[in-house]
Amino acid sequence: MLLVYLGIAWFLGLWLGSIVTVDWLIWLTIAGVGTVTAVFLRRSQSVRWGAICLAALALGAIRYGTAVPTIDQNHIAYYNGTRNVTITGLVVDEPDVRDRFVNLRVAVDTIQVSGGAQLPMQGIVQVQTYRFPVINYGSRLRVTGILETPPEGETFSYRTYLARQGIHSLMSLPNVTVIAENEGNSLYQAIFTFKSRAQTTIAQLIPEPQAALLTGILLGNDNGLPPDLDEAFRITGMTHIIAISGFNVAILVAILVRLAEPFFSRRGAVIFALVGISLYTVLVGADASVVRAALMGGIYLIANRWLGRPNFAFASLFLAGFGMTLVRPFTLWDVGFQLSFAATLSLMLYADPLTQWTRRKLQRWLVRDWVEKVMGVLSEAVILTIAAQILTLPLIIGYFEQLSIISPLANALILPVQPAVMIWGGLATLVGLVLPAVGQLLAWVAWLFLGYTIWMVRLFAAVPGAAIPLAVSPGGVIAIFGVIGALTWLGKQPLERRSQIFTAVRQNITQRLAVGATGVTAVLILSWGLTQPDGQLHIAFLNVGQGDATFIQTPSGRQILVDGGLYPSILNDQLGQQMPFWDKEIDILVATHPDADHVSGLVGVFDRYHVNTLITNGQGFGESPIYDEVLAAAEKQQTVIRPVLAGEVIEIGDGVRLEVLHPGPKLITENRNENSVSMRLVYEDFTFLFTGDAEQAGEAEMLAAERPLTALVFKAGHHGSNSSSSLPFLHAVQPQIIIVSAGVDNRFGHPAPEMLERAQKVGAIVLRTDELGTITVNTDGTTMWWQANSARQDS
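Nothing here was measured: the structure is a model prediction, and the numbers come from that model.

A. A look at the confidence of the model for the protein. Mean pLDDT over the protein stands at 83; residues scoring 70 or higher make up 90%. When the criterion is pLDDT under 50, residues 791-795 qualifies, and its contacts beyond four places in sequence or with other chains add up to 26 contacts.

Set out below in structure tokens:
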């Protein structure tokens, strides 16, 4: 079990290394202390094991740190955001072919910026280019285009996903020239060539969508599945048969052993299964995810069935996980690795207990012969499926946000034919590569089982309520694992011990509930008291990436939200940090103009808060789809929609007022940015000006109107672009602080260097959300101070 504990500590160390910024010398010191403690206090097993695990944890954190690349002038990501870049490099992985494009992973050799000198460079770029002409693994390319940082989505960070694969840069639809071919590793070249030929053979022998399904099962490439069928597999919980993972190989192991047991001894069946897994691994191309899954399946076979040492199986599993993450630490975050590891561990823990429990239940109702016959059907189709899903289910819910209710029934009726799919489909592919006519005969047999699989998947997917949406946070997933762990531990206790535990729980539950309720009440009252208004004006420039969102709270607690950024999830998170947990009302919401990076996040605001007034520039439905959604949400909530015009004054209370500076009665039709609602907030001696995305034409109108523009704090127009914050306007505003709301490494280059120079000319300090995170300005009306949260939000 020491290897199990060390593996857990190592994984925890990798995770801590990813979230805690600590100098590697400190981790090394911790590892040294753990090692020394283990040596000098070795007589105490618990102390010795704990110290060794502490050392493993620290070494895991160090290993993570060594895997994170240094982004300097020698790394390609240093040039992200640069236009007219030419790189040369080698395609180092199998091309990811989609319907309309292909993703190529190019290891960069040199870079040339805007026709300058060619410099040696390192790093990997993902190049997205057209499907044709075909570019193969091992091709050397010259690529010219825009070098970009991978984007962030609302619920999925593509940037983080690629970074954990060593990719920090993208080039979309650049100019690509092949300057050489066949320069890759000869072994990989042979594997990818074989895989390509096998895929072509399947397409020639079997019609669609059966061919796409067989390609997914045998070769691990499910890109050809039609979207509706792909969704049907997800709804029915059957994706494990087309996404090659530990779960898929675990089922394959069970099938192969079951097929071999009537003809071979126990160890002979293990050898048969190992050979089958090895052939299958080669057949699908032997990429990293398949090798990982096959290795774990092999460990299970050797340790549990060959050696008859289940405990050794656990140690071997964690040793394999340690080896994989030692070579490539980011594997720990790979969904395929997590599912493979969880499925294998789940089979080790639950397969035999579930089998024995099912056998005992059947023996009460059936004669012995029938028990064995029923068990022969249930063991592969149902019992092993359930066993493998116990630990994978929390991960599936966490990642895919749905729970398939119909999955057990679908698995029971679909899994029994999968051996036939694999056997006949594999034979048809292998024979078809050499003898197409004979392969065609075998393919017709495979087609029957593939057709049955698709028909059943679509049938079950059409059942109402087949899957239910179930979004669970990472904390919720951890909690589910905690419950599973507690139940597993309880299930392994003797019956008498379990009775004692239940009795103790019943005796203490009332007392614990009373204590817990008292504690919760006290915390709620304390939280309520701490979140009461403090008599000051607070303005928070929220860290929403490449967008705008400003939250204002008056001295008595009235709240104003100006714009909402691009991502609802990010805005909701930011508002949760600014507003009391009990507060579900926003007094005024200002939508400065219809651009998505200002209003996309506002739809979610109406879902969570009651908004009393929505201020707009007068533009209505039809300006943009997302702006229409905001207006519709306001109407549905019966929010007062108030268009404003320059010259109006809105009294907020507490001595706070909003002076409307723009737009005027006639909107500018050429550029809707110029129609942004612009306001000056006044509170005693403090003033704050925001202008949305208004550019120089809008600023000129405000200057011509000769209304007061001076402001101690000015939020730069249009995220600090060169087209806004003109020098005459800045001279009129006379700001002490200029706030720029922009995303890290945004593709627009905000804030523009020219705008920063103009800010310097008027003597203003520039504070940027891409550098400082959320920036808060506080004032009592006479004194002003600011603070920043260093957490940054990417664009």
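B. Representation of the pattern of salt bridges within the structure. Enumeration according to the criterion identifies 14 salt bridges in this entry. Between D230 and R234 there is a salt bridge whose closest N-O contact spans 2.9 Å. Within this pair, D230 and its partner R234 are both found in helix 7 (residues 227-235), separated by 4 residues, close to a single helical turn. Residues joined by salt bridges that share partners form a network here, namely D109, R140 and E183.

C. Region of interest: the sheet that holds strand 16 (residues 640-643). Taken together, 8 strands build an open sheet; the order of strands is 16-15-14-13-12-11-24-25 and the sheet is mixed. Two strands in the sheet have a free side with no partner beyond their single neighbour: strand 16 and strand 25 (784-788). Strand-to-strand twist in this sheet, taken as the mean axis angle between neighbours without regard to direction, amounts to 20°. Examined bridge by bridge, strand 12 (residues 550-553) and strand 13 (residues 559-562) share 4 bridges and lie antiparallel to one another. Bridge pairing in strand 13 places F551 opposite L561.

D. Looking closely at the packing of aromatic side chains. Here the structure, examined in full by the defined rule, presents 15 aromatic pairs. When the centroid spacing of 5.7 Å and the interplanar angle of 85° are considered together, the rings of F11 and F341 count as edge-to-face. Of the two residues, F11 sits in helix 1 (residues 2-19) while F341 sits in helix 12 (residues 335-363), which places them 330 residues apart along the sequence. For F11, a relative accessible area of 13% corresponds to the buried category. In this structure F341 comes out as buried when scored by relative accessible area, which is 10%. Through a chain of ring-to-ring contacts, the aromatic side chains of F11, F318 and F341 assemble into a single cluster.

E. Seen up close, the packing of helix 6 (residues 210-219) against helix 15 (residues 418-434). In the contact formed by helix 6 and helix 15, the axes pass within 10 Å of each other and the chain directions differ by 90°. Between helix 6 and helix 15, the interaxial angle falls into the category roughly perpendicular. Between helix 6 and helix 15, the residues in contact are L214, I217 and L218 and Q418, V421, M422, G425, G426 and T429, respectively. The class makeup of the residues in the contact of helix 6 with helix 15 is 5 nonpolar, 4 polar and no charged.

F. How the structure looks around helix 25 (residues 753-761). Taken as a whole, helix 25 has its buried residues at M755, R758 and A759. Angular distribution of buried residues about the axis of helix 25 spans 100°; they occupy a single face of the element. Exposed residues on helix 25 whose side chains face more than 90 degrees from its buried face are P753, Q760 and K761. Considering only its buried residues, helix 25 is in contact with helix 24 (727-733), strand 22 (737-740) and strand 23 (765-768). Just downstream of helix 25, G763 is the residue with a positive phi angle, here 75°.

G. Region of interest: the sheet that holds strand 19 (residues 678-683). In spatial order, the strands read 17-18-19-20-21-22-23; together these 7 strands make up an open sheet with mixed pairing. Strand pairing shows two members of the sheet lacking a second neighbour, strand 17 (649-653) and strand 23, which therefore form its edges. Each neighbouring strand pair of the sheet contributes to a mean axis angle of 20°, computed without reference to strand direction. Here strand 22 runs beside strand 23; their pairing, made up of 4 bridges, is parallel. Opposite V740, over in strand 23, you have R768 as the bridge partner.

H. Here's a closer look at the pairing of strand 14 (residues 585-590). A large share of strand 14 lies buried, amounting to 5 of its 6 residues. Taken together, the 3 bridges between strand 13 and strand 14 define a ladder with parallel strand orientation. What sits directly across from L561, in strand 14, is L589. By the bridge criterion, 5 bridges tie strand 14 to strand 15 (residues 610-616) in an arrangement that is parallel. Within the sheet, the bridge partner assigned to V590 lies in strand 15 and is I615.

I. A look at the nonpolar core. Of all hydrophobic cores here, the largest spans 80 residues; its most connected members are L213, F233, M238 and F341. Sequence-distant contacts of F233, defined by excluding residues within four places in its chain, comprise L213, M238, T239, I241, I242, T453 and V457. Grouped together as the second largest cluster of nonpolar side chains are 28 residues, I615, L658, L681 and L767 included.

Calculation criteria
Residues numbered from 1 in each chain as written. Predicted model: local features only at pLDDT ≥ 70, side-chain atom pairs only at ≥ 80, totals over all residues. Heavy atoms only, no water. pLDDT = per-residue confidence, 0-100. Contact = heavy atoms within 4.5 Å. Salt bridge = Lys/Arg side-chain N within 4 Å of Asp/Glu carboxyl O. Helix = DSSP H or I, 4+ residues; strand = E, 2+ residues; numbered from the N terminus. Pairing = 2+ DSSP bridges. Axes fitted to C-alpha atoms, helices over the stretch in contact; angles between N-to-C directions. Phe/Tyr/Trp six-rings, centres within 6.5 Å; stacked < 30°, edge-to-face > 60°. Buried < 20%, exposed > 50% of the residue type's maximum accessible area, 1.4 Å probe, protein only. Parallel < 35°, antiparallel > 145°, perpendicular 65-115°, else oblique. Nonpolar A, V, L, I, M, F, W, Y, C, P; charged D, E, K, R; others polar. Arc of directions from axis to C-beta. Core = buried A, V, L, I, M, F, W, Y, C linked by side-chain atoms within 4.5 Å.

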